[in-house]
Amino acid sequence: MESALTARDRVGVQDFVLLENFTSEAAFIENLRKRFKENLIYTYIGSVLVSVNPYKDLEIYSRQHMERYRGVSFYEVSPHLYAIADNSYRSLRIERKDQCILISGESGAGKTEATKKILQYYAVTCPASDQVETVKDRLLQSNPVLEAFGNAKTLRNDNSSRFGKYMDVQFDYKGAPVGGHILNYLLEKSRVVHQNHGERNFHIFYQLLEGGEDDLLRRLGLEKNPQQYHYLVKGQCARVSSINDKNDWKVVRRALSVINFNDNEVEDLLSIVASVLHLGNVQFAANEQGNAQVTTENQIKYLARLLGVEGSVLREALIHKMIIAKGEELVSPLNLEQAAYARDALAKAVYGRTFSWLVNKINKSLAYKGAECPGWRSATVLGLLDIYGFEVFQHNSFEQFCINYCNEKLQQLFIELTLKSEQEEYESEGIAWEAVQYFNNKIICDLVEEKFKGIISILDEECLRPGDATDMTFLEKLEETVKNHPHFLTHKLADQKTRKSLGREEFRLLHYAGEVTYIVTGFLDKNNDLLFRNLKETMCSSENPIINNCFERTELTDKKRPETVATQFKNSLSKLMEILMSKEPSYIRCIKPNDAKQAGRFDEVLIRHQVKYLGLMENLRVRRAGFAYRRKYEIFLQRYKSLCSETWPTWEGRPHDGVSVLVKHLGYKQEEYKMGRTKIFIRFPKTLFATEDALEIRKQSLATKIQATWRGFYWRQKFLHMKHSAITIQSWWRGTQGRRKAAKKKWAVETIRRFIKGFIYRNYPRCSENEYFLDYIRYSFLMNLKRNLPKNVLDKSWPTPPPSLCEVSQLLRQLCMQNMVWSYCKRISPEWKQQLDQKVVASEMFKGKKDNYPQSVPRLFINTRLGTEEINPKVLQVLGNETIKYAVPVVKYDRKGYKARVRQLLLTQNAIFIVEEAKIKQRIDYANLTGISVSSLSDSLFVLHVRCEDNKQKVEPHLCHSLSHYHKC
């Protein structure tokens, strides 16, 4: 890592501990900015990794990168997620101590992606076997399933985790992953029934509608359009361009099969997902008494089938409430508001419990089989905590209160473990430990969780007490109980100036990361998370195996009131702290650079906000309270030994002594460093920077000398090598040329001899003496024929064959002609074929009989020589339904005097018409036409012959007309 210190002006320092002005938040953020602009998204605070989401693919997660960090000392390579993963893994293997990696940050900062990258690193770099590969696949494939059911699009992140997740990965003595276990925390169930504008429900709903097969959707009673479902339109954001629900659906289905779901379990699970959508579409109307009645019977039928309950029972459970008073069950009807609450409560309960069942199902598939055998405790565990970061919104409710309480606990644990780790290292090295002043947030944790006086206890008390408890009575109780606490404030307790920023239904907590104002509306309902007894009874009778497993009948007989949500969360958080305290921790702090999810954009205000809420400055201050830099003697000596003539090029004594000589030569002052048992501790970064700058100068000096010596040696060796190579190549090439020339001469002599001998025996039957000559002659003819084949059917040329190939030549000529004719015919279009057919007819009629026939052959036939627009409309009107088949302008010659008259000759299906402008001069029926005559000269005359008996004809039997294209007639 030290090798990058020389570029610190451009890319900043790789470890914030080395910042000169480590107390300055501006210097901290500027270092982040420098590295972010250079696409260096990872920076250390000692052993803590700070990660900035780049919102683009940096191509730093390939298998080559994994191998680069595999088994390498933490500080020998640049900061990376893989360095944290590998360091934890090596500690687990070598020290046999359980490890955990805590990943925290705001929504959209990259926590989920970091978890996936770490799991991928272990999947690639850990030892493998068939069983191990199965576990690896299930560990990796659990992510898309949990993301589908537990993640959603929010304003800050398109794939925001709406639950906390702690995953244990178990490793055997070989270091191979052999099992796993997942704990989930505080699923945001309220999202099932309500989403803010611009946000979506959980991914699985949209994936099912978009990617589900038509047959599956038909069985579930669903349509592909998410706008049809009330629970999916609250945020008015059903479709998002950056999310491909169809592809994600395929990934989820594949993942379900990998983690051991059979077809029936998948069908049951999707039936529950579909039932939530149908439940959201259940509508109510008030009767005359104001009681709620179900108006959507179709939805009840679907729900009854999907959940495996009776429709009438479910309908009644949705509009009635059962209470037990003095041992008797009393049923009261619900009004519209209460019925809607009951419906939404059922939807949240069904989805929330199904999610817990899903996590348990995944845990069964990940369970370490070695636990059934003796000695299973030899397996070590590495935990991954992907949990919500500190949240401050414009309106903060019960969920943000729980999340921020969780972050307070994690911060408390983080500071305690960091101080403990520092103190242990100092003591092991024999360095005096100096007490570090830091903000102890135990006072805030106690404010939230203290028995009887904490906020959670007061909230539970309000939820459980008889009487009319409301959110405002809870706030009043808070004001009464913790009014003197320095980290608690309400509108009533605030001064005149502060009251302007606090509503009467709000309270403010001063967290370690800053002030957060919470609105108490909904605190009691969300903490109670009540589901009416009759709805529980209905679900307990379900024939859906999953629902039946989620709603146990023991709940109905258990008279103990179930724990509230806040208490459950507090207890599960307490257990999580115990788990984390039992392990060696590593930390990854994720930062979101901007709210627009744009690559390259660095929002300083937003980042300062996150640096504060993540407690990074406090962490840096604790880490820098003593010595900024510490390294083992061997590593320090190896890097800087060239700065002292006594240690360069090698030091033969103990590394401790070598470092003592080296620091004395470098002029370190006594207050700047301490010598531990195995490490040197340097207090100030400037001391290290001065040493690093001196090393750079020394490197340049040594490099210049080495380069000068090396150049002379290199070019001398290169010259000798090239000389030897040239001589070797020359001798080899001369030999090769001589051998080739001799072989060519020998071949030429043998070829000529065989050719002459073949010529002598050319008229003999084929034998060994003439076969070469005959083959050559045949080959020459065939190659000549190949080059001079006729190009078309009219080309009659053909090469003269040798006597032995006359018969073959004739056959080939016939085949060639047939092929050309076949090819020509194949290319003829129907129109051209018609032309040729007409040409054949014309040829039979006029060839050799008409002098100017040869000149007419190239000219094409056309359908008519007069367009409709050239014929007088009156003529067309007279013709009526008679269709003109052919029309041509002609010159008619009178029988007396042969006076030429311009006419139009029209041929219809029944007769010939001779037209003069708008008048039909003559009609000749085809039945009266006895013939047509033409002369044998080069003229355009033809004569129509009609019967003389036809009294209707006004002309003699022989009429002469001038026709330019007689062959058409």
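Here the structure is shown first, and the text comes after it.
All of these numbers come straight from a predicted model, not from anything done at the bench.

Peer 1: Looking at this structure, how should I read the overall build of the protein chain?
Peer 2: When you go through the protein chain residue by residue, the secondary structure sums to 33 helices and 26 strands. In summary, the protein chain has a C-alpha radius of gyration of 49 Å against a globular reference of 30 Å for 969 residues, an excess of more than 25%. If you line up the protein chain on its principal axes, its C-alpha atoms span 140 × 110 × 60 Å. Residues classed as buried in the protein chain amount to 47% of the 969 residues present. Across the protein chain, contacts joining residues at least 24 apart in sequence account for 63% of those joining residues at least 6 apart. Carbon together with sulfur atoms contributes 52% to the accessible area of the protein chain, which is approximately 50500 Å² in total. Side chains of the protein chain carry 143 positive and 115 negative charges; the gap between the two charge centres is 11 Å.

Peer 1: Please clarify how the layout of surface pockets should be interpreted in this entry.
Peer 2: One simple way to see leftover space: roll a probe sized like a water molecule over the atoms. Size it by volume and the second largest pocket reaches roughly 1700 Å³. Taken together, 43 residues line the second largest pocket, and the ones lying closest to its centre are Ser47, Tyr75, Asn87, Glu425 and Lys679. For the lining of the second largest pocket, the secondary-structure elements that each account for two or more residues are helix H4 (81-95), helix H14 (398-429), strand E16 (584-591), helix H25 (616-623), strand E17 (629-632) and helix H26 (633-640). By residue number, the principal contributor to the lining of the second largest pocket is H14, which donates 9 residues. Residues belonging to the lining of the second largest pocket are distributed by class as follows: 12 nonpolar, 13 polar and 18 charged. Residue assignment places the lining of the second largest pocket across two domains, with domain 1 (425-521) and domain 2 (633-743) each supplying three or more.

Peer 1: So what exactly am I meant to see when it comes to the sheet that holds strand E18 (residues 673-675) here?
Peer 2: Sheet strands pair via backbone hydrogen bonds, and the direction of the pair is either parallel or antiparallel. Ordered by their spatial adjacency, 3 strands build an open sheet running E17-E19-E18, and the pairing between neighbours is antiparallel. Strand pairing shows two members of the sheet lacking a second neighbour, E17 and E18, which therefore form its edges. Here the strands of the sheet are splayed against their neighbours by 15 degrees on average, with no regard to which way each runs. In the sheet, E18 pairs with strand E19 (residues 679-682) via 3 bridges, with the strands oriented antiparallel.

Peer 1: I keep staring at the pattern of salt bridges and nothing clicks. Help me out?
Peer 2: Oppositely charged side chains can form a pair if their charged atoms are brought close together. A complete count under the given rule lists 49 salt bridges for this structure. Residue Arg70 is joined to Glu67 by a salt bridge in which the shortest nitrogen-to-oxygen separation is 3.2 Å. Residue class for Arg70 comes out partly exposed when judged on its relative accessible area of 39%. On the basis of relative accessibility, which here comes to 38%, the residue Glu67 falls in the partly exposed class.

Peer 1: Please clarify how the packing of helix H5 (residues 111-125) against helix H6 (residues 130-150) should be interpreted in this entry.
Peer 2: In helix packing, the relevant descriptors are the interaxial angle and the interaxial distance, both defined with respect to the helix axes. Between H5 and H6, whose axes approach to 9 Å, the crossing angle comes to 165 degrees. Relative to H6, H5 is oriented roughly antiparallel. Taken as a pair, H5 and H6 cross one another with a handedness that is left-handed. Contact with H5, carried on its side by Thr112, Lys116, Leu119, Gln120, Tyr122 and Ala123, involves Lys136, Leu139, Leu140, Asn143 and Glu147 of H6 and no other residues of that element. Partitioning the contact of H5 with H6 into residue classes produces 5 nonpolar, 3 polar and 3 charged.

Peer 1: It is not clear to me how helix H31 (residues 830-846) should be interpreted in this structure. Could you clarify?
Peer 2: Owing to its 3.6 residues per turn, the α-helix aligns residues three or four sequence positions apart on the same side. Here H31 spans 24 Å end to end across 17 residues, near enough to the 24 Å set by a 1.5 Å rise per residue. Those residues of H31 that fall on the buried side of the exposure criterion are Gln835, Lys839, Ala842 and Phe846. On an axial view of H31, the arc spanned by its buried residues comes to 65 degrees, and they lie on one face. Of the residues in H31, the exposed ones pointing more than 90 degrees away from the buried face are Pro830 and Glu844. Positive backbone phi, at 80 degrees, marks Gly848, one or two positions downstream of H31.

Peer 1: Looking at this structure, how should I read the nonpolar core?
Peer 2: If you look at the biggest cluster of nonpolar residues, it comprises 113 residues, and the most contacted ones within it are Tyr122, Phe149 and Phe205. By residue number, the principal contributor to this core is helix H13 (residues 336-366), which donates 14 residues. If sequence neighbours within four positions are ignored, Phe205 has contacts with Leu232, Val273, Val276, Leu277 and Tyr351. Formed by 93 residues, the second largest nonpolar core is a distinct cluster that contains Phe36, Ile45, Cys100 and Val622.

Peer 1: It is not clear to me how a positive patch on the surface should be interpreted in this structure. Could you clarify?
Peer 2: Where like charges cluster on the molecular surface, the positive patch consists of Lys224, Lys246, Lys250 and Arg254. Note that Lys246 resides in helix H9 (residues 245-258). Judged by its relative accessible area of 44%, Lys246 is partly exposed.

Peer 1: Just to check I follow, could you spell out the environment of Leu489 for this structure?
Peer 2: Within the secondary structure, Leu489 sits in strand E13 (residues 488-490). Along the primary structure Leu489 and Thr517 are separated by 28 residues, whereas in three dimensions their C-alpha atoms are 9.0 Å apart. Ignoring any residue separated from it by four or fewer positions in sequence, one finds Leu489 in contact with Ala494, Thr498, Leu502, Phe507 and Arg508.

Peer 1: What is the right way to look at the packing of helix H12 (residues 311-319) against helix H20 (residues 533-540) in this model?
Peer 2: Where H12 meets H20, the closest approach of the two axes is 8 Å, and the angle between their N-to-C directions is 160 degrees. One element, H12, and the other, H20, form an angle in the roughly antiparallel class. Between H12 and H20 lies a crossing of left-handed hand. Of the residues in H20, those in contact with Val313, Leu314, Glu316, Ala317 and Leu318 of H12 are Asn534, Leu535, Thr538 and Met539. In terms of residue class, the contact of H12 with H20 is built from 6 nonpolar, 2 polar and 1 charged.

Rules of the game
Sequence order as written defines residue numbering, which begins from 1 separately in each chain. Local features are withheld for residues below a pLDDT of 70 in this predicted model, meaning they are given only at 70 or higher, and side-chain atom pairs are given and counted only at 80 or more; totals for whole chains, interfaces and linings count all residues. Each side-chain value is derived from all of the structure's non-hydrogen atoms; neither hydrogens nor water enter the calculation. Numbered from the N terminus, helices here are DSSP runs of H or I no shorter than four residues, and strands are runs of E no shorter than two. When we talk radius of gyration, it's over C-alpha atoms, and the globule rule is simply 2.2 Å times the number of residues to the 0.38. Each residue is placed in one exposure class: buried if its accessible area under a 1.4 Å probe, protein chains only, is under 20% of its type's maximum, exposed if it is over 50%, and partly exposed if it falls in between. By definition in these notes, contact holds between two residues if any of their heavy atoms fall within 4.5 Å. Method for areas: the Shrake-Rupley scheme with a 1.4 Å probe, in which residue coverage is limited to the protein chains shown. Note on charges: Lys and Arg go in the positive column, Asp and Glu in the negative column, and His and the chain ends are not counted at all. Here the site of a charge means NZ on Lys, CZ on Arg, CG on Asp, or CD on Glu. For each structure, a 1 Å grid was placed over the protein atoms alone; sets of points admitting a 1.4 Å probe that cannot get out are labelled cavities, open sets with protein on both sides within 12 Å along at least five of seven lines are labelled pockets, and lining residues have an atom within 4 Å of a point. Grid points are joined across faces, edges and corners, and a volume is the space filled by probe spheres set on the points. Note that Gly is not counted as nonpolar here; it falls among the polar residues with everything else outside the nonpolar set of Ala, Val, Leu, Ile, Met, Phe, Trp, Tyr, Cys and Pro and the charged set of Asp, Glu, Lys and Arg. Where each domain begins and ends is defined by an automated method or by a domain database. For two strands to pair, DSSP has to find at least two bridges joining them. Convention adopted: a line fitted to C-alpha atoms gives each axis, helices being fitted over their contacting stretch, and angles between N-to-C directions are expressed from 0 to 180 degrees. Take a side-chain nitrogen of Lys or Arg and a carboxyl oxygen of Asp or Glu: if they are within 4 Å of each other, that pair is a salt bridge. Geometric relationships in this document are graded by angle, where less than 35 degrees denotes roughly parallel, more than 145 denotes roughly antiparallel, 65 to 115 denotes roughly perpendicular, and other angles denote oblique. Helix crossings are classified by the rotation of the near helix relative to the far one: an anticlockwise turn of less than a right angle makes the crossing left-handed, while a clockwise turn makes it right-handed. Helices are assigned an expected span. That span is 1.5 Å times one less than the residue count. By definition, the arc is the one covered by directions from the helix axis to the C-beta atoms. The definition of a nonpolar core used throughout is a set of buried Ala, Val, Leu, Ile, Met, Phe, Trp, Tyr and Cys residues joined through side-chain atoms within 4.5 Å. What goes into a patch is any residue over 30% in relative accessible area without a salt bridge, connected to like charges within 9 Å or, for nonpolar side chains (Val, Leu, Ile, Met, Phe, Trp, Tyr), within 5 Å.

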